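# A closer look at the structure
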Amino acid sequence: MLALGSDLDDFADTAAVVDCLGLVISVDTAAAHLAGVLGKPCRVMLPDYRTDWRWLTDRLDSPWHPSQMRLFRQSCEASWAPVIANVVEALENWMKQRDTVNDCFP
C-alpha cells in the first residue's frame, strides 16, 4: 500500500494517481466520479441510510458511468461486513479476469 493522501493538493493530483490505477475502490463519491470520468473501473461502497441522490436507489450501476462503475450497497441492517465481503469477492473475480497489470507505482 502507498498512502498518498497528504501529497494530493487538488483534483489534478488525484486524477494523476487514478490514471495509474487499474481499479478504484471508494467510499468517497468525488473520487468515484473522477474515476468514472477517467474511464477507470470503480467499485463504490454506499451506506443504506441517506445515500446521496446521485446513486439513485436499487441499482448496482451508475447511469453516469455504467460500464466502469459497480455499486455495493449496505443493507438495512447497517452492517458493512457483507458489503466488504462482496467487494472482496468482486475484486478477486476482477483480478482473475484482467489481462494486464498497471505498474505506475512500482
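Overview of the structure. (Residues numbered from 1 in each chain as written. Predicted model: local features only at pLDDT ≥ 70, side-chain atom pairs only at ≥ 80, totals over all residues. Heavy atoms only, no water.)

### Things to note about the overall build of the protein chain
Across its full length, the protein chain holds three helices and three strands. In the protein chain, the order of α-helices and β-strands from amino to carboxyl end is α-β-α-β-β-α. Taking 106 residues into account, the globule formula puts the C-alpha radius of gyration at 13 Å, and the protein chain, at 14 Å, falls close to it. Across its three principal axes, the protein chain shows a C-alpha extent of roughly 40 × 30 × 25 Å. (Helix = DSSP H or I, 4+ residues; strand = E, 2+ residues; numbered from the N terminus. Rg over C-alpha atoms; globule rule 2.2 N^0.38 Å.)

### Points about the nonpolar core
Core analysis: the biggest nonpolar cluster contains ten residues, these being V18, V24, A32, A35, C42, V44, L46, W55, M69 and L71. Looking at this core, the elements that each hand over two or more residues are α2 (29–37), β2 (42–46) and β3 (69–73). Among the elements that make up this core, the one with the highest residue count is β2 (three residues). The residues contacting V18, other than those within four sequence positions of it, are V24, A35, L38 and K40. (Core = buried A, V, L, I, M, F, W, Y, C linked by side-chain atoms within 4.5 Å. Buried < 20%, exposed > 50% of the residue type's maximum accessible area, 1.4 Å probe, protein only. Contact = heavy atoms within 4.5 Å.)

### Brief notes about a nonpolar patch on the surface
Residues W53, L56 and W64 make up a contiguous nonpolar surface patch of roughly 360 Å² in combined accessible area. The exposure class of L56 is partly exposed, given its relative accessible area of 35%. (Patch = residues over 30% accessible without salt bridge, like charges linked within 9 Å, V, L, I, M, F, W, Y side chains within 5 Å. Areas by Shrake-Rupley, 256 points an atom, 1.4 Å probe, with all protein chains shown as cover. Salt bridge = Lys/Arg side-chain N within 4 Å of Asp/Glu carboxyl O.)

### Focus on the pattern of salt bridges
In a structure, side chains of opposite charge can pair up when their charged atoms sit close to one another. Under the definition given, this model contains one salt bridge. For R59, the salt bridge is made with D61, and the minimal N-O distance between the two is 2.9 Å.

### So, the sheet that holds strand β1 (residues 24–26)
Spatially, the three strands line up as an open sheet ordered β1-β2-β3, and their pairing is parallel. In this open sheet, the two edge strands, each paired with only one partner strand, are β1 and β3. Averaged over all adjacent pairs, the angle separating strand axes in this sheet is 15°, with direction ignored. Taken together, the five bridges between β2 and β3 define a ladder with parallel strand orientation. If you follow R43 over to β3, its bridge partner there is R70. Sheet contacts for helix α3 (residues 81–97): β1, β2 and β3; angle to β3, the most-contacted strand, approximately 150°. (Pairing = 2+ DSSP bridges. Axes fitted to C-alpha atoms, helices over the stretch in contact; angles between N-to-C directions.)

### A word on unusual backbone geometry
Of note, R50 is a non-glycine position whose phi angle comes to about 55°, a positive value. With respect to the helices and strands, R50 occurs in the loop between β2 and β3. The class of R50 is exposed, set by a relative accessible area of 70%.

### Considerations on the side chain of S26
With respect to the secondary-structure elements, S26 resides in strand β1. Assessed through its relative accessible area of 6%, S26 is described here as buried. Setting aside residues up to four positions removed in sequence, S26 forms contacts with A31, A32, R43, V44 and M45.

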